Amino acid sequence: MTSDKTIAPSSVMGDAYATSPLGGQGPVRAPKQARSRQTLETILNETRQLLEVRNFDDIPIADIVAAASTTVGSFYARFPDKASLLIALQAQAHDEVATRLEVVLSPDRWATVSLRETISGMIPLLMEIPDRHLAVFKAAMLSSVASKALARNVTEIIGKKIDLMATLLLSKRSEIRHPNPDRAVRSGAAIVESVLQHRRVRLFVDTVDYPLGEETLCPDLCEMLLALLASETSRTT
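These notes cover the structure that comes with them.

### Comments concerning the packing of helix H7 (residues 148-170) against helix H8 (residues 181-204)
Where H7 contacts H8, the two axes come as close as 9 Å, and the packing angle between them is 135 degrees. Taken together, the axes of H7 and H8 are oblique relative to one another. Both H7 and H8 take part in a crossing whose hand is right-handed. On H8, the residues that touch Ile-158, Lys-161, Ile-162, Asp-163, Met-165, Ala-166, Leu-169 and Leu-170 of H7 are Pro-181, Asp-182, Val-185, Arg-186, Ala-189, Ala-190, Val-192, Glu-193, Gln-197 and Arg-200.

Spelled out as structure tokens, the structure:
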């Protein structure tokens, strides 16, 4: 079994950040000088800190630049508007989640363990790694109703997580008894992701406790997925 060891997050500065980590165009005017890249990084980091205690709509640009020790002009030199800053934060969070999950869910890391052990270890990682970005994801979700870009990025990262799960599970094909392993693993991965997304959305509402804690939810999702993959019968429709 693998562990979620710390890996260096992918760089979000410079020309590489002019495009989204999942293939789309990003909102950042990519800086070329080291000082300008540092300013961009500081704006992103300070906004993330502000989001831990305030809603995005309640944070004026003046507060962001004050926290980043920069100016309004410097902000607009990098972002055309505040909405573009949120898209950049979402893209950065998605990039870090995708990069880390690609490492920890690599089939090579799970080659010596069983399907059950793989699923038991995989699901907590799919819960814990995205949870590190809850404040950004909350802001993006609340704004996604009015932003096709934010909504599209959510769809892309969900697809990425499902693909990673499916690839890992299919590396245990010899233990899967379902007559259509490819369909079963993608259906199972989509169900797991849907449940974890629902839990995450509930966590956005501070006064709402999710009815199942991690100690219950993870084992239950594991048994559900194992039951699906171990099934020897399937509907033909």
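Next comes the rest of the description.
### Some words on the nonpolar core
In this structure, Leu-85, Leu-105, Ile-119, Met-122 and Leu-229 are the most contacted members of the largest nonpolar core, which totals 59 residues. Of all the secondary structure elements, the ones that give two or more residues to this core are helix H1 (34-51), helix H2 (61-67), helix H4 (82-104), helix H5 (115-131), helix H6 (134-144), H7, H8 and helix H9 (214-230). In terms of residues, this core owes the most to one element, H4, which gives nine residues. Aside from chain neighbours lying at most four places away, what touches Leu-105 is Trp-110, Met-122, Leu-125, Leu-126, Leu-164 and Leu-168.

### Here we look at the pattern of salt bridges
Applying the stated rule across the entire model yields eight salt bridges. Across the pair Lys-161 and Glu-193 runs a salt bridge whose closest N-O atoms are separated by 2.9 Å. Separated by 32 residues along the polypeptide, Lys-161 in helix H7 and Glu-193 in helix H8 bring together distant segments of the chain. The same class applies to Lys-161 and to Glu-193, which are both buried. Note that Asp-163 is salt-bridged to Arg-186, the shortest N-O span being 2.9 Å. In this pair, Asp-163 sits in helix H7 while Arg-186 sits in helix H8, placing the two residues 23 residues apart along the sequence. Each member of the salt-bridge network shares a partner with another, and the members are Asp-131, Arg-199 and Arg-200.

### Concerning the packing of aromatic side chains
In this description, a pair of aromatic rings is defined by centroid distance and the angle of the planes. Enumeration over the complete set of coordinates arrives at two aromatic pairs. Summarising the aromatic geometry, the rings of Phe-75 and Tyr-76 are spaced 5.3 Å apart at their centres and angled 85 degrees between planes, so their arrangement reads as edge-to-face. Among the residues examined, Phe-75 registers a relative accessible area of 0% and is labelled buried. Assessed through its relative accessible area of 36%, Tyr-76 is described here as partly exposed.

### Description of H9
Its 17 residues place the ends of H9 24 Å apart at the C-alpha level, agreeing with the 24 Å of an ideal helix rising 1.5 Å per residue. Restricting attention to buried positions, one finds in H9 the residues Leu-217, Cys-218, Leu-221, Cys-222, Leu-225, Leu-226 and Leu-229. Around the axis of H9, the buried residues are gathered within 160 degrees of arc, so they sit on the same side. Its buried side turned inward, H9 meets H5, H7 and H8.

Calculation criteria
Residues numbered from 1 in each chain as written. Predicted model: local features only at pLDDT ≥ 70, side-chain atom pairs only at ≥ 80, totals over all residues. Heavy atoms only, no water. Axes fitted to C-alpha atoms, helices over the stretch in contact; angles between N-to-C directions. Helix = DSSP H or I, 4+ residues; strand = E, 2+ residues; numbered from the N terminus. Parallel < 35°, antiparallel > 145°, perpendicular 65-115°, else oblique. Left-handed = near helix turned anticlockwise from the far one by under 90°. Contact = heavy atoms within 4.5 Å. Core = buried A, V, L, I, M, F, W, Y, C linked by side-chain atoms within 4.5 Å. Buried < 20%, exposed > 50% of the residue type's maximum accessible area, 1.4 Å probe, protein only. Salt bridge = Lys/Arg side-chain N within 4 Å of Asp/Glu carboxyl O. Phe/Tyr/Trp six-rings, centres within 6.5 Å; stacked < 30°, edge-to-face > 60°. Expected span 1.5 Å × (residues − 1). Arc of directions from axis to C-beta.

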